[in-house]
Amino acid sequence: MADPIAFVDLKAQQARIRPALDARIAKVLDHAGFIMGPEVAELEAKLAAFAGKKYCLSCSNGTDSLGLALMAWGIGPGDAVFVPAFTFVASAEVVAWVGATPVFVDVERHSFNMDPASLERGIAWAKANGLRPRVVMPVDMFGLPADYPRLLPIARAAGLLVLSDSAQGFGGQIDGRPAASYAAVTSTSFFPAKPLGCYGDGGALFTNDEAELALWKSLRVHGQGSDKYDNVRIGLNARLDTLQAAILLEKLEVFPDEIAARNRVAQRYAEALADIAEVPQVGCRVTSVWAQYTLILPERAKVQAACKAAGVPTMVYYPIPLSRQTAYAHYPSAPGGVPVAETLAEQVLSLPMHPYLDETTQDRIIATVRAAVTA
Ligand SMILES: *Cc1c(COP(=O)(O)O)cnc(C)c1O
């Protein structure tokens, strides 16, 4: 029996950078500044430069970061926030947190990302139905940047703020520019399995607006004012641990190299599978960070079962569109519905993807998928 295949292999990366990680962690243990220690500001400066934004605020996770951004903008009841129906639940959850209405927008089959035409229908519907269109939240699904060049003009024309949920897409590019630099505010997650992950929970927000950064800093620590014990607004406790910042500083060092490795894996998958399955399409202007490598397979169950029998792990991200989830089904969708999101939920299958996937293992995965599809 061959070795088990990891869907995401965090241990191979750890082995590569372990001495540097150990040294970073030891330094934090020595100075004992576990909350807002010096590594936090060091990381924020490096992340901002990497993202092509002036400012970065690190925080507790990629859900709180989205929530902070909406709170800082004062989004609330009566406001519409346009969210793709095909995403992780957190994208819509934070809209409900602040009492606003998520309006589900369909996605495009070739990119898994927000469909600009559906967004336009959603905006018109919200206006006609007594909601104030306030925010659009494109998601960089599976690591592929959303189509900001097409979405931003629609947002501008409708007076919408743009909050990019780049939990899966941090490090992606469009036309040689960081994808994180396109939206007014970009949010990411450092959950361990994301392309840039820490060893626990973590997240970050990016902006070019200094006043906005100041507001986020206050909201991150219970809405504190200039005096630590004068709380001037309702906030959260949403800081990033110093230990996680220290770990991320070392991971960021190898991140560009890992993005290149992920792209090599994706390239080999595409070459070996494009004739038998619908493989992800990445335009020539765009660089994905391949948070997932996702096929569209009308006979998904058959392929999934054959992979399982052969010891090849696969995952279904995501099996239920948000518009059909129990807690969200009462929220509206854009006119025309979200048929692409619904089809994708039935047909997507993600293969093992990480920067340390060697060619022999990849060939085993490819052979298994080919045999299953053509059986
Ligand atoms: C992971 C993820 C989040 C949430 O990030 P956490 O750090 O787990 O809170 C939000 N949106 C999307 C699209 C995600 O994939």
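It should be noted that the structure appears before, not after, this text.
Small disclaimer: the values here were computed from a predicted structure and weren't measured. (Residues numbered from 1 in each chain as written. Predicted model: local features only at pLDDT ≥ 70, side-chain atom pairs only at ≥ 80, totals over all residues. Heavy atoms only, no water.)

Thoughts on the overall build of the chain
To keep it simple, the criterion reads: Working definition: helices are DSSP H or I runs of at least four residues, strands are E runs of at least two. Numbering for both runs from the N terminus. The protein chains shown are the only cover counted for residues, whose accessible areas, like all others here, come from Shrake-Rupley with a 1.4 Å probe.
When its secondary structure is counted, the chain shows 11 helices and 12 strands. C-alpha extents for the chain along the principal axes are approximately 65 × 60 × 35 Å. When the accessible area of the chain is evaluated, it comes to approximately 15,200 Å², of which 55% is carbon and sulfur surface.

Looking at the site of the ligand
What counts here: Proximity is defined per residue: if any heavy atom of the residue lies within 4 Å of a molecule or strand, that residue is considered near it. Each polar contact in these results corresponds to two N or O atoms within 3.5 Å; when the atoms are within protein, one needs to be able to donate a hydrogen and the other to accept it, and residues that are neighboring in sequence are counted only if both atoms are side-chain atoms. Using a grid of 1 Å spacing that covers the protein atoms alone, one calls a set of points a cavity when a 1.4 Å probe fits there but cannot get out, and a pocket when the set is open and has protein on both sides within 12 Å along at least five of seven lines; lining residues are those with an atom within 4 Å of a point. For this analysis, a molecule is said to be in a pocket or cavity if more than half of its atoms are within 2 Å of the grid points defining it.
Close contacts around the ligand come from 15 residues, with Gly62, Thr63, Asp165, Ser189 and Lys194 the closest. Contact distances for the ligand include 2.8 Å between an oxygen atom and a side-chain N or O atom of Gln168. About the coverage of the ligand: the protein hides 93% of its 380 Å² of free accessible area. In a pocket analysis with a 2 Å cut-off to the grid points, the ligand is assigned to the largest pocket. Elements with a contribution of two residues or more to the shell around the ligand: helix H3 (62-72) and helix H4 (90-97).

Regarding the pairing of strand S12 (residues 348-351)
Under the convention used in this document: We call a residue buried when its accessible area falls under 20% of the maximum for its residue type, exposed when it is over 50%, and partly exposed in between, using a 1.4 Å probe and counting protein chains only. Any two strands are treated as partners once DSSP identifies two or more bridges connecting them.
In S12, alternate side chains face the same way, and those of Val348 and Ser350 on one face and Leu349 and Leu351 on the other are all buried. Relative to S12, strand S11 (residues 293-296) is paired through four bridges, and the arrangement is antiparallel. Bridge pairing in S12 links Tyr293 to Leu351.

Observations concerning the sheet that holds strand S10 (residues 286-287)
Read from one edge of the open sheet, three strands run S7-S6-S10, paired in antiparallel fashion. Strands with a single pairing partner mark the edges of an open sheet, and in this sheet they are strand S7 (177-178) and S10.

As for the packing of aromatic side chains
For any pair of aromatic rings, the description consists of the separation of the ring centres together with the inter-plane angle of the planes. Just so we agree on the cut-off: Here the aromatic set is Phe, Tyr and Trp, taking the six-membered ring for Trp, and pairing holds for ring centres within 6.5 Å; pairs whose planes are under 30 degrees apart are stacked, those over 60 apart are edge-to-face, and all others are tilted. Our definition puts a charge over a ring when NZ of Lys or CZ of Arg is within 6 Å of the ring centre and also within 35 degrees of the ring normal.
Inspection of the entire model under this criterion finds 14 aromatic pairs. With centroids separated by 5.6 Å and ring planes inclined at 45°, the aromatic side chains of Phe50 and Phe170 adopt a geometry described as tilted. In this pair, Phe50 sits in helix H2 (residues 38-51) while Phe170 sits in the loop between strand S5 (161-165) and strand S6 (173-174), placing the two residues 120 residues apart along the sequence. Taking the relative accessible area as the measure of exposure, Phe50 reaches 26% and is therefore partly exposed. Taking the centre distance of 6.2 Å and the plane angle of 40° together, the rings of Phe88 and Tyr318 count as tilted. Residue Phe88 is located in the loop between strand S2 (79-84) and H4, and its partner Tyr318 is located in the loop between helix H9 (300-309) and helix H10 (339-347); the two are separated by 230 residues in the primary sequence. The exposure class of Phe88 is partly exposed, given its relative accessible area of 42%. Members of the aromatic cluster, joined through ring pairs, are Phe7, Phe86, Phe88, Phe112, Phe142, Tyr317 and Tyr318. Above the face of the Phe88 ring, Lys194 is positioned so that its terminal group lies 5.9 Å from the ring centre.

Section: the sheet that holds S5
To keep things clear, this is the line we draw: Angles shown run from 0 to 180 degrees and are taken between the N-to-C directions of axes, each axis being a line fitted to C-alpha atoms and, for helices, limited to the stretch in contact.
Across the sheet, seven strands lie side by side as S1-S9-S8-S5-S4-S2-S3; this open sheet has mixed pairing. With partners counted over all chains shown, the strands left at the sheet margins are strand S1 (55-59) and strand S3 (101-105), one partner each. Averaged over neighbouring strand pairs, the angle between their axes works out to 25° when direction is ignored. Strand direction decides the pairing type here: strand S4 (residues 132-136) and S5, joined by two bridges, are parallel. Note on S5: the bridge partner recorded for Val135 is Leu161.

Some points on the nonpolar core
Rule in force here: The criterion is simple. A nonpolar core is a set of buried Ala, Val, Leu, Ile, Met, Phe, Trp, Tyr and Cys residues joined through side-chain atoms within 4.5 Å. Any pair of residues with heavy atoms lying within 4.5 Å of one another is described as a contacting pair.
In terms of nonpolar packing, the biggest core is built from 67 residues, with Leu70, Phe86, Leu163, Tyr269, Leu273, Tyr293 and Leu295 touching the most fellow members. Those residues in contact with Phe86 that lie beyond four places of it in its chain are Val107, Phe112, Met141, Phe142, Tyr317, Tyr318, Ala341, Leu344, Ala345 and Val348. Counting 22 residues, the second-largest nonpolar core is a separate cluster that includes Val105, Ile123, Ala146 and Ala183.

Some remarks on helix H7 (residues 210-220)
Within the sequence span of H7, burial applies to Glu212, Leu213, Trp216, Ser218, Leu219 and Arg220. Of the surrounding elements, those touching the buried residues of H7 are H2, S1, H3, strand S8 (185-189) and strand S9 (203-207). Here H7 starts with a cap whose side-chain oxygen sits 2.9 Å from the backbone nitrogen of Ala211, and that cap is Asp209. Just beyond H7, the residue with positive phi is His222, at close to 60°.

Regarding the packing of H3 against H7
Test applied: Orientation is classified from the angle alone, with under 35 degrees giving roughly parallel, over 145 giving roughly antiparallel, 65 to 115 giving roughly perpendicular, and any other angle giving oblique. Should the near helix be turned counterclockwise from the far one by less than a right angle, the crossing is left-handed, whereas a clockwise turn marks it as right-handed.
Orientation of H3 relative to H7, taken along the N-to-C sense of each, is 120°, at an axis distance of 10 Å. Judged by the inter-axis angle, H3 sits oblique to H7. By crossing handedness, the relation of H3 to H7 is classed as right-handed. Together, Leu68, Ala69, Met71 and Ala72 of H3 and Leu215, Trp216, Leu219 and Arg220 of H7 make up the contact between the two elements.

What to know about the environment of Val289
In this structure, Val289 sits in the loop between S10 and S11. For the pair Val289 and Phe255, spaced 34 residues apart in sequence, the C-alpha to C-alpha distance is 10.0 Å. Setting aside its immediate chain neighbours within four residues, Val289 contacts Gly143, Gln168, Gly169, Phe170, Gly171, Gly172, Pro195, Ile259 and Arg262.

A closer look at the side chain of Glu108
Within the secondary structure layout, Glu108 lies in the loop between S3 and helix H5 (116-128). The exposure class of Glu108 is buried, given its relative accessible area of 14%. Here Arg150 takes part through its side chain, which lies 3.1 Å from a polar atom of the side chain of Glu108. Those residues in contact with Glu108 that lie beyond four places of it in its chain are Asn113, Met114, Asp115, Pro116, Arg150 and Val340.

Worth remembering: the numbers are spatial, not functional.
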